[in-house]
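This is what each chain is made of:
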Amino acid sequence: MPFYTYILFSEKLNRYYIGSCQDMTVRLEQHNTGRNKSTKGGSPWAIKLTETFDTRSAAQTREMEIKKKKSRKYIEWLIRSAS
């Protein structure tokens, strides 16, 4: 089963969230039902980008790569370039 790195967006908070998981459907539901402390107040979250990987390690490495940039411009560039 593949693993994913994903970027979510909350219009309510005007904020992006970057994460990784194995099941996008379940994970998005968790974000939108308040089961994740850091995204609880931003519901509804919308998927803006997903990248697929063969291993959990690769997905987590990519997640950290994006987060280390600490750049909204970079995140928005990633989303635009994937379209």
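Scroll up a little and you will see the structure.
Everything quoted here is computed from the prediction, not taken from an experiment. (Residues numbered from 1 in each chain as written. Predicted model: local features only at pLDDT ≥ 70, side-chain atom pairs only at ≥ 80, totals over all residues. Heavy atoms only, no water.)

Draft legend 1. Layout of the packing of aromatic side chains. By the definition in use, this model includes four aromatic pairs. With 6.4 Å between their ring centres and 35° between their planes, Tyr6 and Tyr17 make a pair best called tilted. Pair noted here: Tyr6 is in strand 1 (residues 3–10) and Tyr17 is in strand 2 (residues 15–21), with a separation of 11 residues, a long-range link. Both residues of the pair, Tyr6 and Tyr17, count as buried. Aromatic side chains Phe9 and Tyr16 sit 4.7 Å apart centroid to centroid with 50° between the ring planes, which places their arrangement in the tilted category. An identical accessibility class is assigned to Phe9 and Tyr16; each is buried. Chaining the aromatic ring pairs together yields one cluster made of Tyr6, Tyr17 and Trp45. Over the ring of Tyr74 we find Lys69, and its NZ or CZ is 5.1 Å from the ring centre. (Phe/Tyr/Trp six-rings, centres within 6.5 Å; stacked < 30°, edge-to-face > 60°. Helix = DSSP H or I, 4+ residues; strand = E, 2+ residues; numbered from the N terminus. Buried < 20%, exposed > 50% of the residue type's maximum accessible area, 1.4 Å probe, protein only. Lys NZ or Arg CZ within 6 Å of the ring centre and 35° of its normal.)

Draft legend 2. View of helix 2 (residues 56–69). Taking 1.5 Å of rise per residue, the 14 residues of helix 2 would be expected to cover 20 Å, and the 21 Å separating its terminal C-alpha atoms lies within 8% of that figure. Every buried residue of helix 2 is accounted for by Ala59, Arg62, Glu63 and Ile66. Along the axis of helix 2, the buried residues cluster in a sector spanning 105°; they form a single face. Taken together, the buried residues of helix 2 touch strand 1, strand 2, strand 3 (45–53) and helix 3 (72–82). Within two residues after helix 2, Lys70 carries a phi angle of roughly 50°, on the positive side. (Expected span 1.5 Å × (residues − 1). Arc of directions from axis to C-beta. Contact = heavy atoms within 4.5 Å.)

Draft legend 3. Spatial organisation of the pairing of strand 1. Counting buried positions over the eight residues of strand 1 gives seven, a clear majority of the element. Bridge count between strand 1 and strand 3: eight bridges; the pairing is antiparallel. Within strand 3, the position partnered with Ser10 by the bridge is Trp45. As paired elements, strand 1 and strand 2 share seven bridges and run antiparallel to each other. Across the sheet, residue Tyr4 finds its bridge partner in strand 2, namely Cys21. As consecutive antiparallel partners, strand 1 and strand 2 are separated by four residues, and within that stretch Asn14 has a phi angle of approximately 55°, a positive value. (Pairing = 2+ DSSP bridges.)

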